[in-house]
Amino acid sequence: MKKKKKKKKKKKKKITQTLVLWSFHSCAEENYTMQRVILFGSAYRAIVAGSAGLHAHYFLCTRHESVSRTQIRKHSQDQPTNYTGHFSFYSLPHRTLINVSGEDMNSFLQGIITNDTALLAEDALRAMYAHMLNVQGRTLYDIIIYSLKGNPNGLNGVLLECDSIVQESIMRLLKVYKIRRNVNISLCPSLSLWALLPRNKDAVLGKPKPDVTAAEKVLVLEKDPRTELMGWRLITSCQDNLHEIVSACQQGNTEEYHRHRYEIGLPEGVRDFPPGEALPLESNLVYMQGISFSKGCYIGQELTARTHHTGVIRKRLMPVTMSAPAENLDHGAALETEGGKPAGKYRAGIDRLGLGLIRLAHAKESLKLKSSDNTTVTLQATVPDWWPKNTEDK
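Model, not experiment: these values are computed from the prediction.

Here is what the cut-offs are and how they apply
- Residues numbered from 1 in each chain as written.
- Predicted model: local features only at pLDDT ≥ 70, side-chain atom pairs only at ≥ 80, totals over all residues.
- Heavy atoms only, no water.
- Helix = DSSP H or I, 4+ residues; strand = E, 2+ residues; numbered from the N terminus.
- Buried < 20%, exposed > 50% of the residue type's maximum accessible area, 1.4 Å probe, protein only.
- Phe/Tyr/Trp six-rings, centres within 6.5 Å; stacked < 30°, edge-to-face > 60°.
- Lys NZ or Arg CZ within 6 Å of the ring centre and 35° of its normal.
- Salt bridge = Lys/Arg side-chain N within 4 Å of Asp/Glu carboxyl O.
- Pairing = 2+ DSSP bridges.
- Axes fitted to C-alpha atoms, helices over the stretch in contact; angles between N-to-C directions.
- Contact = heavy atoms within 4.5 Å.
- Expected span 1.5 Å × (residues − 1).
- Arc of directions from axis to C-beta.
- Core = buried A, V, L, I, M, F, W, Y, C linked by side-chain atoms within 4.5 Å.

A.B. asks: Quick question: what am I supposed to make of the environment of Ser169 here?
C.D. replies: Position of Ser169 among the secondary structure elements: in helix H3 (residues 167–178). Taking relative accessible area as the criterion, Ser169 reaches 24% and is therefore assigned partly exposed.

Below you can see the structure in the form of structure tokens.
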């Protein structure tokens, strides 16, 4: 009996010791948790204080080591200050603005351009790219349309941007198709057109709207509808100084604007779209959001719609890098493969950058053409970054 009592006492003693140890560790855990809460609370306050110029720190603690302190590198230390306002602006004297207004404006434009003007009635869309075609379905002119809806500057309707070389031809064409409609058409020589591009070309995507300091002087400020890589379009009065309108900007040479276009493979104007020669789908009009296949009839629609629905596009306008300056090359010169097979045509360019209408079957090969001084020039085509990634050319 005595032995049983001793065993019971020993068991009670062990249970008591176990409970004491468990309680001790539990308290230690609570203290440790509280300590972490306090320390991380201090770290949070330090991080908040860091935005006011103080250094933020975070703390690490272990059960067997003392608290250590390490400085956090603030995100602002890795990013340039006021970066969003740093733009280069380029004057575009090779482009002209035409004002089109009147009660029948929408139905008038709907019948002569490739895109759907009804989309401009939506508040989210204020700029639209399109082509004007001939009856054979070939491109006559490339245009950008800007909505003036709700604009306080007195103008109404839309502004139509086109190549300055063909402004008179476009004016005549618009007046021919007007046909008793209530539409007003006029040139806008008092307006200036600008392109705004972030100075860091590698980070052009997703950049916010340029910081405008004189909004009352801005007639239009919209993203280029063709691709984000082309930045923003700005329209102001010719009398206004752009430095007083857009903060933290610097003026660039228009040649740099064209070099950027050719580098990314974006065509513009009659040099890249010879009137009556270029086909809209071969010119990547779909990739530039410049066409609607559900809007209804327009001039040149039949061939374009048939080509789209068959899905067979054997040639595309692509950026090319050349072994000789573009000034020595003839526009429309024939391209060949190294084996002498026809591979397309050279269009236009600047320096050693340009555009070529390339047969897709030979797009990855090294191509060649004869320059004006009868020397052989090699070309290499590339696929632009702004093209859809899931596109399979046939």
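A.B. asks: What exactly am I supposed to notice about the packing of aromatic side chains here?
C.D. replies: The description of an aromatic ring pair rests on the distance of the ring centres and on the angle between the ring planes. Counting across every chain of the model gives three aromatic pairs. Plain terms: the ring middles of Phe89 and Trp194 are 5.4 Å apart, the flat faces sit at 75 degrees to each other, and that makes the pair edge-to-face. Of this pair, Phe89 sits in strand E3 (residues 87–91) while Trp194 sits in strand E9 (residues 191–198), and the two are 105 residues apart along the sequence. Judged by relative accessible area, which is 12%, Trp194 ranks as buried. Measuring from ring centre to ring centre gives 5.1 Å for Tyr287 and Trp387, while their planes differ by 55 degrees; the resulting arrangement is tilted. Of this pair, Tyr287 sits in the loop between helix H4 (254–264) and helix H5 (301–310) while Trp387 is found in the segment after strand E18 (376–381), placing the two residues 100 residues apart along the sequence. Overall, the relative accessible area of 7% leaves Trp387 in the buried class. A cation over an aromatic ring shows up here: Arg261 above the ring of Tyr262, its NZ or CZ 4.7 Å from the ring centre.

A.B. asks: What is the right way to look at the pattern of salt bridges in this model?
C.D. replies: Opposite charge on two side chains allows them to pair when their charged atoms are near. Overall, the coordinates contain 14 salt bridges when judged by the stated rule. Glu161 is paired through a salt bridge with Arg233; the nearest N and O atoms lie 3.0 Å apart. Of the two residues, Glu161 is situated in strand E7 (residues 158–163) and Arg233 in strand E11 (residues 232–237); the sequence distance between them amounts to 72 residues. Both residues of the pair, Glu161 and Arg233, count as buried. Salt-bridge contacts for Glu255 lead to Arg259; the nearest nitrogen and oxygen are separated by 3.1 Å. Taken together, the residues span about one helical turn, with Glu255 and Arg259 both in helix H4 at a distance of four residues.

A.B. asks: Looking at this model, I keep getting lost on the sheet that holds strand E17 (residues 366–370). Mind explaining?
C.D. replies: Strand pairing in a sheet is mediated by backbone hydrogen bonds. Such pairs are either parallel or antiparallel. What the six strands build is a closed barrel, ordered E13-E16-E15-E14-E17-E18; its pairing is antiparallel. Each adjacent strand pair in this sheet contributes to an overall mean axis angle of 40 degrees, direction not counted. Here five bridges tie E17 to E18, and the two strands are oriented antiparallel to one another. For Lys370, the partnering residue across the bridge sits in E18 and is Thr376.

A.B. asks: What is the right way to look at the environment of Leu173 in this model?
C.D. replies: Within the secondary structure layout, Leu173 lies in helix H3. Looking at Leu173, the relative accessible area reads 18%, which means it is buried. Counting along the chain gives 61 residues from Leu173 to Ile112, while the straight-line C-alpha distance between them is 9.8 Å. Here Leu173 is in contact with Met132, Leu140 and Tyr141, once residues within four sequence places are set aside.

A.B. asks: I'm lost on H3 in this one. Help?
C.D. replies: An α-helical segment advances 3.6 residues per turn. Residues three or four places apart therefore align on the same side. Over its twelve residues, H3 extends 16 Å from the first C-alpha to the last, a length consistent with the 16 Å expected when each residue adds 1.5 Å. Turning to H3, its buried residues are Ile170, Met171, Leu173 and Leu174. Taken down its axis, H3 places every buried residue within 165 degrees of arc, on the same side. Residues of H3 that are exposed and point more than 90 degrees away from the buried face comprise Arg172, Lys175 and Val176. Looking at the buried residues of H3, the elements they touch are strand E4 (95–101), helix H2 (105–110), strand E5 (127–133), strand E6 (139–147), E7 and strand E8 (184–187). Where H3 ends, the next residue or the one after it, Ile179, has phi of about 40 degrees, a positive value.

A.B. asks: For this particular structure, what's the right way to read the nonpolar core?
C.D. replies: In summary, soluble globular proteins display a tendency toward joint burial of nonpolar side chains. Core analysis: the biggest nonpolar cluster contains 59 residues, and Tyr146, Leu159 and Ile235 have the highest contact counts within it. Setting aside anything within four residues of it in sequence, one finds Tyr146 in contact with Leu97, Arg126, Ala127, Gly157, Val158, Leu159, Glu161, Leu193, Val220, Arg233 and Ile235. The next biggest cluster of nonpolar side chains, apart from the first, holds 27 residues, and it includes Leu120, Met132, Leu173 and Leu174.

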